[in-house]
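Structure assessment
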Number of protein chains: 2
Amino acid sequence: MQSSAPGIDRFYSVIPAGGIGSRLWPLSRADAPKFLHDLTGSGQSLLRDTWDRLAPISGEQRIMVVTGRAHRAAVEERIPELADHNVVLEADPRDSSVAIGLAAAILERREPGVIMGSFAADHVIRDTRAFERAVVEAVAAADAGYIATIGIAPTEPAVGFGYIRCGAPLDLPGAPSARLVEHFVEKPDIATARGYLADGGYFWNAGMFISRASLLLERLGATEPELLDNLLELAAAWDTSRRGATVDRVWPRLKKIAIDYSVAEPSAAEGKLAVIPAHFGWDDVGDFASLAKLHSGGRSSDLAILGENARVLSDASSGVVVSQTGRLISLIGVSDIVVVDTPDALLVTTSENAQRVKAVVDALKLSGRNDVL
Amino acid sequence: MQSSAPGIDRFYSVIPAGGIGSRLWPLSRADAPKFLHDLTGSGQSLLRDTWDRLAPISGEQRIMVVTGRAHRAAVEERIPELADHNVVLEADPRDSSVAIGLAAAILERREPGVIMGSFAADHVIRDTRAFERAVVEAVAAADAGYIATIGIAPTEPAVGFGYIRCGAPLDLPGAPSARLVEHFVEKPDIATARGYLADGGYFWNAGMFISRASLLLERLGATEPELLDNLLELAAAWDTSRRGATVDRVWPRLKKIAIDYSVAEPSAAEGKLAVIPAHFGWDDVGDFASLAKLHSGGRSSDLAILGENARVLSDASSGVVVSQTGRLISLIGVSDIVVVDTPDALLVTTSENAQRVKAVVDALKLSGRNDVL
């Protein structure tokens with residue numbers, strides 16, 4: 001594709017495949033996290049969907065997956081094309097500054113000047129062409145010296161996402177839509193969200209960051225110098241026989257901090273962050289309400305059914321059913337219901353209560369029922 | 001017990017154990033009907049509860065169970081004391097006139113003058129002593145030449161039961177509460193039911209009939225002479241080597257008709273029916289709403305949990321959970337919910353929709369999914 005676009009020949013995709021997705025329990029589990037599931041009905045996992053979106057942009061030899069050791073086999077099963085050197089295994093989860101920062105440090109050592117973009121493994125994007133166009137612009141903005149992010153034009157006053165406040169157009173070569181980021185805002189209340197939607201200058205923060213690896217590391221070092229040192233130490237040993245010993249020694253002291261706080265927000269404050277506003281139908285499918293909406297096309301009278309060989313008999317019911325057992329599931333007169341039927345755990349709730357699922361998972365953790373987590 | 005009470009020494013209990021209980025699907029099944037389940041939390045089946053209530057009255061050598069061939073093993077497992085000659089196996093279900101009429105015909109041949117009482121295998125009765133007292137009075141009324149029934153004093157304006165309209169006191173020896181039955185009334189609407197409750201002269205028809213076997217047969221013959229002939233033919237062969245051949249020949253032509261229509265209502269019209277009004281906490285546990293109420297003590301904020309080793313995690317939820325799988329069941333923010341979790345079928349509905357469960361079963365039948373029925 002657009003190989004003439006600024007920076008695109010130096011572009012490398014990074015897919016941090018972490019996050020269990022607790023609000024999608026019991027579908028999403030520690031040993032079967034959200035990104036390994038088919039939540040769209042595409043017939044393949046969200047991770048594979050993500051890979052398939054990025055491969056035409058960076059080439060499939062230039063996609064790195066950062067994931068937990070426990071998920072290596074599952075990841076490789078879903079992406080047989082994934083080269084060994086493109087798998088970065090985390091000893092244990094250390095939040096996004098580590099996942100993305102380590103990838104940046106390894107890539108920059110291997111290929112100085114590389115431009116990297118990080119894209120969550122478990123988001124849903126409808127319009128692949130529009131996504132590609134946005135990434136190409138973001139790469140151009142990165143090539144021009146910015147940390148670029150892709151801002152999703154909001155389609156409703158969502159309270160479950162953070163927002164990006166747009167500033168002036170930047171007029172960058174190859175990135176005509178790029179604008180300065182004024183600041184990030186945390187998840188708003190509904191009145192504020194309505195205001196953002198009406199304003200038109202606010203975009204959803206989808207956590208996609210594209211920049212020169214060197215710039216990302218520099219910005220990380222400005223706020224978290226110790227963390228940067230640790231990541232550089234890991235990267236220096238990564239492609240050597242010292243990797244294992246270095247991971248064992250350094251990993252336990254890695255600070256857990258979201259890249260939003262270590263890099264994105266401070267960089268925005270210093271005018272270093274660009275945003276590419278985009279409209280490509282995006283969802284993080286963060287909970288079952290979101291999953292139901294994704295499949296009902298917004299019609300609340302519909303019943304969405306997910307799962308191979310699902311057998312559902314529904315009478316005057318709506319919501320979402322996730323079936324992993326092949327059992328007959330019969331619903332009678334239940335609206336906006338959420339039923340998740342897995343071999344060892346069953347969840348029954350409603351779309352309205354979708355955000356409370358995480359609390360149940362927390363309660364299960366506290367009571368030591370790790371067998372179902 | 002009261003062996004001096006009129007007729008009690010000639011009393012024989014009959015338990016028709018038929019009826020699948022479709023409105024309790026998927027708990028109740030063709031191969032595991034309602035009477036084989038523990039719905040009270042007593043630790044034993046409703047059938048066994050019924051047996052245990054009757055044994056002190058008639059003696060355990062004088063209780064006959066009428067059931068389907070397919071249930072023989074399950075019945076005998078629950079009642080090891082059950083003597084072979086007290087098991088009457090139906091070739092296929094033919095409604096209550098056959099189940100009760102055949103028992104009457106067999107018992108009358110074996111023991112002319114016997115008084116029999118028939119009691120459903122799957123009802124719940126709280127106060128066993130009050131039940132005993134009512135049965136003893138009913139036997140006395142039967143001894144005095146009536147078909148006696150036990151009328152349950154209504155505790156609410158139920159629309160799910162038929163009612164018995166009481167007439168004048170009968171002043172029978174040993175049956176001081178016996179009154180004439182004026183007539184039966186079908187399930188009323190709610191306004192009518194409220195009127196019945198306020199009137200005080202109406203009782204729930206629990207389908208318990210106590211009479212001389214000979215009288216019951218005589219009354220059956222008055223309305224269904226052909227059916228009576230068939231039952232007498234079966235009974236004549238029952239304790240002989242001709243039983244099998246006779247069943248094969250006669251069974252297919254047995255008419256299906258409820259004993260309410262063949263015997264009870266016509267007898268009431270002729271002043272032959274007595275009722276013993278009783279207060280012993282009765283429920284037919286006909287559907288999941290009834291089951292939920294049984295276990296919540298009427299408090300709608302409660303969540304009732306049935307099933308061995310049930311693992312339920314509930315947050316702001318109420319209703320009833322029946323667990324047969326040992327899976328973790330998590331409920332969040334669902335009110336008056338009904339969740340029935342069995343190895344091959346899952347039902348999710350609400351108490352309000354409990355009556356609609358039968359329609360699902362009918363739909364499953366029509367679509368040939370007999371594997372889960």
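The following refers to the structure shown. Just so it is clear, the model here is predicted, and its values are computed rather than measured.

This part is about the pairing of strand 17 (residues 345-350) of chain A. Strand 17 of chain A sits mainly inside the fold: six of its six residues count as buried. Looking at chain direction, strand 16 (residues 337-341) of chain A and strand 17 of chain A are connected through five bridges and run antiparallel. When the sheet's bridge partners are listed, A:Ile337 is paired in strand 17 of chain A with A:Thr350. Hairpin remark: strand 16 of chain A followed by strand 17 of chain A, antiparallel, with three residues in the connecting loop. Inspection of the sheet shows strand 17 of chain A paired to strand 15 (residues 328-332) of chain B by four bridges, in the parallel sense. The partner of A:Leu347 across the bridge, within strand 15 of chain B, is B:Ser330.

Here we come to the packing of helix 7 (residues 225-238) of chain A against helix 8 (residues 243-250) of chain A. Residues and elements named next belong to chain A. Contact geometry for helix 7 and helix 8: axes closest at 8 Å, N-to-C directions at 165°. By the angle class used here, helix 7 and helix 8 are roughly antiparallel. As for the relative orientation of helix 7 and helix 8, their crossing is left-handed in sense. Each of Asn230, Glu233, Leu234, Ala237 and Trp238 in helix 7 lies in contact with helix 8, whose residues at this interface are Arg243, Thr246, Val247, Arg249 and Val250. The residue makeup of the contact of helix 7 with helix 8, split by class, is five nonpolar, two polar and three charged.

There are two copies of the chain, and a rotation about an axis plus a shift along that axis relates them. Mapping chain A onto chain B calls for a rotation angle of 180° and an axial translation of 0.0 Å; the resulting RMSD is 0.0 Å. This pairing of chains is accounted for by a two-fold axis. If distances are taken from each C-alpha of chain A to the rotation axis, the shortest is found for A:Val348, at 4.1 Å. Most of the interface of chain A is mirrored in chain B, where 100% of its interface residues again form contacts.

What counts and what doesn't
Residues numbered from 1 in each chain as written. Chains lettered and ligands numbered in written order. Predicted model: local features only at pLDDT ≥ 70, side-chain atom pairs only at ≥ 80, totals over all residues. Heavy atoms only, no water. Buried < 20%, exposed > 50% of the residue type's maximum accessible area, 1.4 Å probe, protein only. Helix = DSSP H or I, 4+ residues; strand = E, 2+ residues; numbered from the N terminus. Pairing = 2+ DSSP bridges. Axes fitted to C-alpha atoms, helices over the stretch in contact; angles between N-to-C directions. Parallel < 35°, antiparallel > 145°, perpendicular 65-115°, else oblique. Left-handed = near helix turned anticlockwise from the far one by under 90°. Contact = heavy atoms within 4.5 Å. Nonpolar A, V, L, I, M, F, W, Y, C, P; charged D, E, K, R; others polar. Least-squares fit on C-alpha atoms with pLDDT ≥ 70 in both.

Geometric descriptors of this kind do not, in isolation, establish any biological role.
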